[in-house]
Each structure stands twice: as structure tokens, then as C-alpha cells.
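Notes for the structure review
Here is what each chain is made of, one letter per residue.
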Amino acid sequence: MERTFSRRWRALGACALLIAACASSDLDLDERSGATSTTPPPSESTVSPSETAGTPQGAMGADGVGDPYYPGLGNGGYDVATYDLDIEWMPDTGTVDATAAIVLVPTEDLDTFNLDLEGLDVERVVVDGEEVVHAHAGRELTIDPAALLVAGDDVEVVVDYGGEPTPIRVGTDVFRVGWHTDGRDAYVVSEPAGAASWFPANDHPTDKARFRFVVTVPSDLGVIANGLQTSMSDTGDGRTTFVYEASDLMATYLASVVIGDLVFVEESTASGLLLRSAYPRRLADAAATDFADTAAMVEVFERSFGPYPFETYGHVVADEVLGFALENQTLSIFGSDLVTGRGAIDAIVAHELAHQWFGNAVSPATWMDIWLNEGFATYAEWVWAAGSDGPTIAESAAAVHARADFGVPPGDPGPEELFQATVYLRGGLVLYALSQEIGHDAFDRLLPLWVERFGGSAASTADLRALAEELSGQDLEAFFDAWVYGATLPPLP
Ligand code: ARG
Ligand code: ZN
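Bear in mind the structure is a predicted one, so any value in this text is a computation, not a measurement.

This part is about the site of ligand 1. Lining the immediate surroundings of ligand 1 are Asp-173, Glu-191, Ala-325, Leu-326, Glu-327, His-351, Glu-352, His-355, Glu-374, Phe-419 and Tyr-424. Between ligand 1 and Glu-327, the relevant distance is 2.8 Å, taken from a nitrogen atom to a side-chain nitrogen or oxygen of the residue. For ligand 1, the accessible surface in isolation is 350 Å², of which the surrounding protein chains cover 92%. At the level of secondary structure, the elements contributing two or more residues to the shell around ligand 1 comprise β21 (325–326) and α4 (346–357).

This is the structure in C-alpha cells:
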């Protein structure tokens with residue numbers, strides 16, 4: 001009894017600490033729910049010999065990975081291997097009834113650990129088959145297993161949860177991130193911190209995992225998610241269950257499910273990559289026109305960046321005015337406002353495709369490194385233009401350079417406005433200037449080698465500089481200081 005009590009107290013203590021950590025981040029915490037905790041039913045748990053001594057043996061996993069912009073994002077002490085998400089969508093109430101089965105591996109012996117989950121209700125947490133104490137406050141779900149979790153051993157965590165998913169505000173971005181619903185439809189756009197709005201996650205790009213999605217919806221709706229559909233079955237009571245498996249390692253913010261009245265289309269590229277997409281019925285013809293160059297883009301990018309890094313690619317259009325597109329892994333999502341059928345969005349289509357190499361295969365090590373996503377994808381727009389009878393890369397760079405003074409350094413745009421123009425445009429100029437600085441031979445090897453070396457994990461601006469120095473034999477400190485971190489935009493070389 002006393003043991004249960006003290007464990008419960010410690011779990012709440014971890015949450016109190018967490019609130020302090022979260023409050024210092026730039027996530028909007030206004031909608032944070034009050035703390036709740038549970039006591040597990042009495043059980044015959046296996047207690048390790050050292051546990052009976054009554055002293056804590058393991059660490060309390062940290063409640064954030066210490067990202068310089070959003071310190072409360074993600075958690076310390078473990079790596080997630082797989083997320084298996086079973087979600088029933090109930091459009092009449094706008095709610096989900098869900099179970100997340102997560103396999104994680106502790107990187108140190110753990111007494112307690114956290115997952116990020118915001119705004120939903122947790123009914124039950126089971127660790128390795130046994131129901132355990134949990135406490136939920138704000139973004140942090142603190143889990144207190146009955147026995148020590150041993151570093152290196154697989155742990156299965158099952159979280160039963162549900163409620164009305166609500167998108168999350170980050171900094172001054174007008175767009176909220178996470179699970180959105182529009183009538184019966186639902187879609188997910190999470191960058192950078194929205195995964196926690198719909199599943200318990202280690203919500204930081206440094207912890208990539210494999211995903212499986214089992215999504216049940218009323219049978220008049222269709223579902224698409226990252227990866228490949230492995231089954232679709234009628235439940236016999238007016239609902240359909242869709243299963244998708246995403247077997248390439250993926251950051252949590254790129255996980256996405258889209259539900260709607262969807263038309264599914266498939267084609268193959270010349271190199272045999274399956275392109276599968278889903279569009280709202282009313283936009284299917286326009287989308288076919290607007291995405292028609294995708295296979296050609298894959299070819300151009302494979303020549304410059306190396307092999308396409310994942311098992312499939314495609315587009316989904318949300319039946320909603322988003323004002324942007326987002327590079328969800330293997331399945332970029334576009335707002336309906338972008339799809340007009342005039343064939344005029346090649347730059348955006350190329351941009352999101354390029355993110356599959358830059359941003360998705362190679363993730364940003366911290367959110368301060370966002371220019372490694374957006375600057376590279378912007379540069380790739382110029383690569384596509386040059387490869388399809390448009391302006392040369394030098395002409396595109398000169399036109400962008402003349403446009404504004406971009407007085408915020410792309411390497412440190414601040415956490416309030418991650419997606420500001422300097423990150424994209426001055427970020428793209430960094431790569432063009434780097435190609436001039438180190439020469440084309442070294443630069444042409446840099447981009448594919450970047451993906452080869454860091455694909456499947458995360459990399460930082462310092463990693464990029466080290467690789468460019470390795471390939472060129474030059475010291476690039478002054479170059480990076482001026483182009484990536486300097487307050488003023490340098491002149492074009
Ligand atoms: N990464 C996306 C792109 O450049 C942009 C996402 C914008 N998201 C936002 N919350 N404002 O394609
Ligand atoms: Zn982008």
C-alpha cells in the first residue's frame with residue numbers, strides 16, 4: 001500500500017516539475033487540462049530484488065529532450081521502436097476512441113517515463129501486460145511502471161485513450177497543429193508539435209519509429225495514412241477498418257491520417273516507385289492535372305539527391321483551405337485552395353517531394369535547424385525548375401536574393417515563427433552560396449552523401465558544415481557564421 005502511495009506521489013511530482021519545464025517553452029499551454037492520476041488495481045507484480053529494498057533504482061525519464069526552442073517536446077530515457085495506433089473516428093461527435101500500443105527501448109534503467117499527449121483522456125495504461133499508475137497534466141503523461149524498466153529491453157506500453165482531439169498552438173503561428181476536423185472529414189498536419197494532439201508520443205524528430213495505423217470509420221468515408229494500405233475490411237455494422245503500415249523510420253510530426261470522401265489513384269514512376277494518392281471526389285480531376293509532373297520530379301531529384309528514400313510516395317488533398325502544403329512522410333498533404341487544375345503548383349509539388357530526402361529521411365536535430373528542411377526544399381524547387389526548362393539555379397538564386405534583405409538568420413529564426421521567409425529563401429541561398437564556395441564537384445557529392453549518411457536519423461547545421469568541410473577540405477566557419485547565423489544577408493558570390 002505504502003509503495004503504491006509513494007509511487008503515485010512521485011508520479012505527480014514529475015508532473016509538477018514538468019509544468020515548470022513546459023511553461024518555459026513557447027508552446028501555448030492555455031488549454032492544458034488539470035492533472036489527473038490513477039492507482040492501478042492490486043496485482044501480483046513481479047518485483048525485482050533490488051526494488052524490495054525500497055529505494056529508487058532507476059532514473060525518472062526526462063520530460064523533454066531539451067530542444068532549444070521547445071524544451072518540453074519529447075522525453076528522455078528511451079527510444080520508441082514502433083507505434084501501433086488503433087483509432088475509431090466518430091464524426092457525429094468529433095471524437096476518437098483509441099488504443100496506442102508502443103514498443104520502446106529504455107536507454108537507461110527507468111523508474112518512470114513520460115509520453116507527450118495533450119487534450120485527450122487517458123483511461124488506462126498497461127506496461128508489459130500489467131496496468132500501472134499514470135498521471136496526466138498538460139502535454140505530459142507520466143507513467144510509473146510497477147517494476148524497473150531495464151536499459152536495452154523492449155517494453156510494451158499500451159495506452160487506452162479518447163475524446164475530442166484539439167489542435168495545438170505553437171508560438172505566433174496562426175495555424176494550429178495536430179488533428180483537425182471539418183464536419184465528417186479529419187486530417188492531420190502536425191509540424192512541429194501536433195502529434196501529441198492525437199496519440200501518446202515521444203514527440204521530437206530525434207526519436208523516429210515505425211508506424212501502423214488501424215483506422216475505423218463509418219463506411220461512407222475513406223482513409224489514407226503514411227505508408228501502404230495492407231487491408232480494408234467491413235466490420236459488418238456500417239463501419240470500415242483501414243490498415244496502413246509505414247515501415248520506414250518516421251518522425252512523429254510527419255505521421256498523418258486523412259479521412260474523407262476520397263478517390264484513390266495509383267501510378268508508377270519509370271524507376272518503379274509506387275505513387276498512390278487520395279483526393280476529395282470533387283477535386284479529383286483538378287488534382288490529376290496539378291500533380292501530373294510528380295514522376296518526372298522523382299527522376300530529376302534522384303539524379304541530384306540519390307535514390308528516393310521511402311517505400312512509396314503520393315499526395316492527399318484535405319477538403320479544407322489550409323494555405324499551405326506539408327511534407328507528411330510518403331504522403332504530402334495539400335490544402336484544397338492550392339488545387340485549381342491549372343497546373344500551376346509545380347514549385348510546391350517539387351518542394352514537398354524534396355522534403356522526403358531533406359527533412360524526412362534526414363530530420364532536423366532540433367527545431368532551430370528548421371532551415372535544413374526548408375532551405376533545402378527551396379533549393380530543390382530551383383533544381384526542378386532548372387531540370388524542366390525553367391530558369392537556371394543561378395538565375396533563381398539571384399531573383400530571390402534581390403527580393404528582400406532577409407535580416408533574420410535562417411539558422412536561428414526563433415521559436416515564435418518557425419516558418420518565416422528567411423528560413424525558406426535565405427536558407428535556399430545558403431546552399432547556392434555554398435555551391436559557389438566549395439565548387440560544384442564537392443557540392444554535387446554533398447547532397448546525396450548527406451542523405452546517405454544521415455538518412456533514418458537526424459542531423460544538425462554543425463553536421464552539414466563538417467560534411468562540407470570533409471568534402472572540400474576547406475574551413476567553412478566564416479561562411480556558416482555569415483550565411484546561416486549572420487544578422488545581414490551577405491552579397492551573392
Ligand atoms: N513544412 C511545410 C512546408 O514548407 C510548411 C508547414 C507550415 N506549417 C505551419 N504550421 N505554418 O512545406
Ligand atoms: Zn517546406
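Detailed reading of predicted coordinates is not advised where the pLDDT is low. Per-chain confidence: the protein averages 91 in pLDDT, with 89% of residues scoring 70 or above. Low pLDDT, under 50, characterises residues 1–26; the predicted model gives this stretch 48 contacts beyond four residues in sequence or across chains. Per-residue pLDDT stays below 50 along residues 28–34; that stretch engages in 13 contacts with residues further than four places along the chain or on separate chains.

Another point: the coordination of the zinc ion (ligand 2). Taken together, His-351 (NE2), His-355 (NE2) and Glu-374 (OE) make up the full set of protein donors to the zinc ion (ligand 2), lying 1.8 to 2.0 Å away. Here the zinc ion (ligand 2) is ringed by 4 donor atoms whose angles at the metal span 97 to 142°, and the overall shape comes out irregular. Donor residues for the zinc ion (ligand 2) sit on one chain with the sequence pattern H-x3-H-x18-E. In this pair, His-351 and His-355 both sit in helix α4, 4 residues apart, roughly one turn of the helix. By relative accessible area, His-351 is classed as buried at 6%. On the basis of relative accessible area, His-355 is assigned to the buried category, the value being 0%.

As a further point, take the packing of α4 against helix α5 (residues 371–387). α5 packs onto α4 with a crossing angle of 130° between their chain directions and a minimal axis gap of 8 Å. As the angle between them shows, α4 and α5 are arranged oblique. As for the relative orientation of α4 and α5, their crossing is right-handed in sense. Of the residues in α5, those in contact with Asp-346, Ala-347, Ala-350, His-351, Ala-354 and His-355 of α4 are Asn-373, Glu-374, Ala-377, Thr-378, Ala-380, Glu-381 and Trp-384. Partitioning the contact of α4 with α5 into residue classes produces 6 nonpolar, 4 polar and 3 charged.

Scanning the entire structure with this criterion turns up 14 salt bridges. The partner of Arg-239 in a salt bridge is Asp-237, with the nearest N and O atoms 3.1 Å apart. In this structure Arg-239 comes out as partly exposed when scored by relative accessible area, which is 25%. In this structure Asp-237 comes out as partly exposed when scored by relative accessible area, which is 47%. Residue Glu-470 is joined to Arg-453 by a salt bridge in which the shortest nitrogen-to-oxygen separation is 2.9 Å. One end of the pair, Glu-470, is in helix α9 (residues 461–472); the other, Arg-453, is in helix α8 (residues 440–454), with 17 residues separating them in the sequence. Residue classification places Arg-453 among the partly exposed positions, given a relative accessible area of 41%.

The rules behind each value
- Residues numbered from 1 in each chain as written.
- Chains lettered and ligands numbered in written order.
- Predicted model: local features only at pLDDT ≥ 70, side-chain atom pairs only at ≥ 80, totals over all residues.
- Heavy atoms only, no water.
- Near = heavy atom within 4 Å.
- Polar contact = N/O pair within 3.5 Å; in protein donor to acceptor, adjacent residues only side chain to side chain.
- Areas by Shrake-Rupley, 256 points an atom, 1.4 Å probe, with all protein chains shown as cover.
- Helix = DSSP H or I, 4+ residues; strand = E, 2+ residues; numbered from the N terminus.
- pLDDT = per-residue confidence, 0-100.
- Contact = heavy atoms within 4.5 Å.
- Donors = N, O, S within 2.8 Å, 3.2 Å for Na, K, Ca; no water.
- Tetrahedral: all angles 85-135°; square planar, octahedral: opposite > 155°, others 65-115°.
- Buried < 20%, exposed > 50% of the residue type's maximum accessible area, 1.4 Å probe, protein only.
- Axes fitted to C-alpha atoms, helices over the stretch in contact; angles between N-to-C directions.
- Parallel < 35°, antiparallel > 145°, perpendicular 65-115°, else oblique.
- Left-handed = near helix turned anticlockwise from the far one by under 90°.
- Nonpolar A, V, L, I, M, F, W, Y, C, P; charged D, E, K, R; others polar.
- Salt bridge = Lys/Arg side-chain N within 4 Å of Asp/Glu carboxyl O.

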